[in-house]
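# Structural features, examined
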Amino acid sequence: MLEQVREALHQSTIRVITKLASLLPGTVALIIAVALSAVLGAILAFLLRRLLRAVDFDERLAHAVSPVWTQWSPSQSPTLLVTRVVFWALILIGFLIGIAAFDATLTSQLVLSIFTYLPNVVAAVLVLLMGTLIARFIARSVLIGAVNMNLQYARVLSLGVKWLVLVLTVAMALEHLSIGGGIVQLAFGILFGGIVLALALAVGLGSKELVSRSLEREKTTAETEEPFRHL
Amino acid sequence: MPELDAIPAEARQRLEEIGSADLIIGILNTAHDHEIGTVVKTVGEVLRELSQNLRAVVVHSPSDEAPERHEAARENESVHVVPWPLLAPNTSLTQAGSVSDGYRSIFALGESLGARGYGVIASSLETVTSQWISRLVEPVLNMDFDLVAPCYARQKLEGLLNNSILRPLMRALYGRRIRNPLGPDFGFSAKLLRRLLYLDSGLPNRLGSPVLFASEAACGGFQVCQAHIGERHPPQIDLMNLSSILADVLGPVFLDVERNAPFWQKVRGSHAVRAFGEPIASAQEDGSVDVRRLVESFQLGSRNLQEVWGVVLPPATLFEVRKLARLAPDEFHMPDELWVRIIYDFALGHRLRTISRDHLLRAITPLYLGWTASYALEVERSTPDMVEYRLEQLCDAYEAGKTYLLSRWRWPDRFNP
């Protein structure tokens, strides 16, 4: 009996080790493929960065799409963004090659599902990009307009509007990615309504005195501004 | 707005009846018939003063009242009246596009009648006298000047936008000391008006904002003078609309600065232009001015718009602005050098499109109110001569700061103090 148990244990250990041993070349191949693609990506990104800087890519882009670009005001330069995209694309390719070392059919299934999902990702990224742009633009417009109207709560108003647009954008992006489904819609409704309600309360109740002081100041402005003629 | 080919048949027939005219007086504001009657009489007096056998046409936007204009016109055979929709109702005279349509209509009419000179009145007709019209058109008709800019008798706190930015900026850049580049009442030669409204190709020029006339005349080598014409009642601007007015006025100015950069970079110093008539003193209101609201607006802007100003202004200027925002209203003083650098930096920011141009132009409002507060405190007890001296100092500061503009214009990235 003990002999049989030992035999069974021995067999299962051999099976596991054999299985692991059969996976090892694939794992090593995956690591090597990712490492090689990372090195290749780094080299390519470096060369691309040098090339783009040599041709003043950032400045040319700023001139070509200036108003839109400057509204977005990304924290990274366009050159850096392009090189990073190239770098990570190469790592992704290396990863797919490594996966193929395990099982060719697995890779094709993975690639197929990735490519089926890709349009959703692209659309979501575009929505996010445009939403961020529009949010920043509108927030800045509101901020400048509110300051020029002498509203003390200009920044709060601007932030509120910005977050309204951003929340709407994120909800739309998640919708494209098919993440969350009804929960996202529900959460968005609650959050959007919450922000609107918060703004309304801030203006209507919380900032009542602030608003009335602002309005009072506006009322007296006409009298105090009498001597000034700008034209 | 109609140009010559779009004239209604009735108006065309009227022009054919008139045949020809030497002078066109365009009234850009909508005028009541009794006011037009007065203008017709005034123009008649002017023509008699000029002692020439001149013929004039007064063109104006018709009011909704019953027309009595023909009776008014018959009172003086040398002056005719043509009602013509020059501007859409409630159009602001600072809206470049609409105003250029009005000027283009006046010019189209003048061209069809072979006019030599034009007088354009955009101020309220209540203040218009024969002296106004005479001094605006005489240098054009008798002395071959191309542009006659107005000099008004003003209160010290009137014409602030003109005094703070337009007058000194135009002088520093184009080298001509014109007091009122903003006008809005001008005398023109046909030659200059053609140049202003149409490009050499004959296509309509988008220029047309009154503020650009002086710079275009300077760049084109036209003969410019100015005339002391008397008091004017400037319109009261609702402060809520001030940022729109600033954007309307400064947008074309900054575009003009960009367009004429090759010209003004070569101009050094400035020279006076010939002035007709004696300066007319306006009764000045004395007493202290309450600037608290203006300073508060400036401080509010400083608290909230650092991010926007930071895109346009260099760190040193931004630091000065922040320091200024900590001053109490009665101690508030904005140095000329700082104000000049701010305007030059905004002109550069407009050219570089570092932020949306509309945002940039509107973000200048709190800074402008800061300058207004500082200026009002300085001149509240000044005599007209002292006010003029103060404005001359500001103009000198603009001229002195032109090297700063040149450096930043040529090397915006490298020269960023």
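Residues numbered from 1 in each chain as written. Chains lettered and ligands numbered in written order. Predicted model: local features only at pLDDT ≥ 70, side-chain atom pairs only at ≥ 80, totals over all residues. Heavy atoms only, no water.

On a plain count of helices and strands, chain B comes out with 18 helices and 10 strands. By residue count, 61% of the 417 residues in chain B fall in the buried class. Put simply, of all contacts in chain B between residues at least 6 apart along the chain, 81% involve residues at least 24 apart. Of the roughly 16500 Å² that chain B leaves accessible, carbon and sulfur atoms contribute 48%. (Helix = DSSP H or I, 4+ residues; strand = E, 2+ residues; numbered from the N terminus. Buried < 20%, exposed > 50% of the residue type's maximum accessible area, 1.4 Å probe, protein only. Contact = heavy atoms within 4.5 Å. Areas by Shrake-Rupley, 256 points an atom, 1.4 Å probe, with all protein chains shown as cover.)

Evaluated as defined, the whole model comprises two cavities of 30 Å³ or more. As a volume, the largest cavity reaches approximately 70 Å³. Lining the largest cavity are 10 residues; nearest its centre among them are Val-147 and Asn-148 of chain A together with Ser-297, Thr-365 and Leu-369 of chain B. For the lining of the largest cavity, the secondary-structure elements that each account for two or more residues are helix 5 (104-148) of chain A together with helix 11 (292-304) and helix 16 (365-379) of chain B. A per-element tally of the lining of the largest cavity places helix 16 of chain B first, with three residues. Each pocket or cavity is described by its volume, and for the second largest cavity that value is around 30 Å³. Within the residue set of the lining of the second largest cavity, elements represented by two or more residues are helix 6 (160-174) and helix 8 (213-219) of chain B. Each residue belonging to the lining of the second largest cavity can be placed in one class, and the counts come to five nonpolar, one polar and one charged. (1 Å grid on protein atoms, 1.4 Å probe; cavity = no way out; pocket = protein on both sides within 12 Å on 5 of 7 lines; lining within 4 Å. Points joined across faces, edges and corners; volume = space filled by probe spheres on them. Nonpolar A, V, L, I, M, F, W, Y, C, P; charged D, E, K, R; others polar.)

With that out of the way, let us pick up the interface of chain A and chain B. The extent of an interface is frequently quoted as the accessible surface area lost upon association of the parts. Facing the 28 residues of chain A at the interface are 47 residues of chain B. Taking both sides of the interface into account, the surface hidden between chain A and chain B amounts to around 3300 Å²; carbon and sulfur atoms contribute 58%. Ranking the residues of chain A by area buried against chain B places Arg-229, His-230 and Leu-231 of chain A at the top, with a combined share of 28%. At the junction of chain A and chain B, the tally comes to one salt bridge. If you look at where chain A meets chain B, you find eight residue pairs in polar contact (both at pLDDT 80 or more). (Buried area = accessible area lost by both parts, 1.4 Å probe. Salt bridge = Lys/Arg side-chain N within 4 Å of Asp/Glu carboxyl O. Polar contact = N/O pair within 3.5 Å; in protein donor to acceptor, adjacent residues only side chain to side chain.)

It is worth spelling out helix 14 (residues 336-352) of chain B at this point. Residue and element names in this part refer to chain B. Between its terminal C-alpha atoms helix 14 stretches 24 Å, which fits the 24 Å expected from 17 residues at 1.5 Å a residue. The buried fraction of helix 14 is high, at 13 of 17 residues. Looking one or two residues beyond helix 14, the residue adopting positive phi is Arg-353, at roughly 55°. (Expected span 1.5 Å × (residues − 1).)

The next point concerns the pattern of salt bridges. Residues and elements named next belong to chain B. Counted according to the given criterion, the structure contains 17 salt bridges over all chains. Between Glu-399 and Arg-171 there is a salt bridge whose closest N-O contact spans 2.7 Å. Taken together, the residues span a long stretch of sequence, with Glu-399 in helix 17 (residues 384-400) and Arg-171 in helix 6 at a distance of 228 residues. By relative accessible area, which is 22% here, Glu-399 ends up partly exposed. Under the relative-accessibility criterion, Arg-171 is labelled buried at 3%. Overlapping salt bridges bring together Arg-167, Arg-171, Arg-179, Glu-388, Glu-392, Asp-396 and Glu-399 as one network.

Moving on: the nonpolar core. Residue and element names in this part refer to chain B. The biggest cluster of nonpolar side chains holds 84 residues, and the ones touching the most others in it are Ile-165, Trp-339, Phe-346 and Tyr-398. Setting aside residues up to four positions removed in sequence, Trp-339 forms contacts with Ser-164, Ile-165, Met-334, Leu-367, Tyr-368, Trp-371, Leu-394 and Tyr-398. Core analysis: the next-biggest nonpolar cluster, separate from the first, contains 35 residues, Val-57, Trp-84, Tyr-103 and Leu-193 among them. (Core = buried A, V, L, I, M, F, W, Y, C linked by side-chain atoms within 4.5 Å.)

This paragraph deals with the environment of Tyr-153 of chain A. Examined against the element boundaries, Tyr-153 of chain A turns out to sit in the loop between helix 5 and helix 6 (154-177). When the C-alpha atoms of Tyr-153 of chain A and Leu-143 of chain A are compared, they prove to be 9.3 Å apart, with 10 residues separating the residues in sequence.

Here we take up the confidence of the model for chain B. Low-pLDDT stretches of the model should not have their predicted coordinates read in fine detail. With 86% of its residues at a pLDDT of at least 70, chain B reaches an overall mean of 82. Helix 14 of chain B holds the highest mean pLDDT among the elements of chain B, 93, whereas helix 3 (residues 69-74) of chain B holds the lowest, 50. (pLDDT = per-residue confidence, 0-100.)

Here we come to the packing of aromatic side chains. All names here are of chain B. Applying the stated criterion across every chain yields a total of 13 aromatic pairs over all chains. Ring plane angle 45° and centroid distance 5.8 Å describe the contact between Trp-132 and Tyr-152, whose orientation is recorded as tilted. Of this pair, Trp-132 sits in helix 5 (residues 130-143) while Tyr-152 sits in strand 5 (residues 147-153), placing them 20 residues apart in sequence. Each member of the pair, Trp-132 together with Tyr-152, is buried. Joined through ring pairs, the aromatic side chains of Phe-186, Phe-188 and Phe-213 make up one cluster. A cation over a ring is seen here: Arg-232 above Tyr-152, with NZ or CZ 5.4 Å from the ring centre. (Phe/Tyr/Trp six-rings, centres within 6.5 Å; stacked < 30°, edge-to-face > 60°. Lys NZ or Arg CZ within 6 Å of the ring centre and 35° of its normal.)

Quick look at the side chain of Asn-180 of chain B now. Residues and elements named next belong to chain B. Within the secondary structure layout, Asn-180 lies in the loop between strand 6 (176-177) and strand 7 (186-189). What makes Asn-180 buried here is its relative accessible area of 3%. A polar side-chain atom of Asn-180 sits 3.1 Å from the main-chain carbonyl oxygen of Pro-150. At a separation of 3.2 Å, a polar atom in the side chain of Asn-180 contacts the side chain of Asn-162. When neighbours within four sequence positions are excluded, Asn-180 is seen to be in contact with Ala-149, Pro-150, Cys-151, Tyr-152, Arg-154, Asn-162 and Phe-186.

The next thing to look at is the pairing of strand 1 (residues 23-30) of chain B. Along any regular strand, the residues point their side chains to alternate faces of the sheet. All names here are of chain B. Counting buried positions over the eight residues of strand 1 gives six, a clear majority of the element. Alignment of strand 1 against strand 2 (residues 56-61), held across six bridges, turns out to be parallel. Looking at strand 2, one finds that Ile-24 is bridged to Val-57. Both strand 1 and strand 4 (residues 117-121) contribute to a ladder of five bridges, which runs parallel. Paired with Ile-24 across the two strands is Tyr-118, which belongs to strand 4. (Pairing = 2+ DSSP bridges.)

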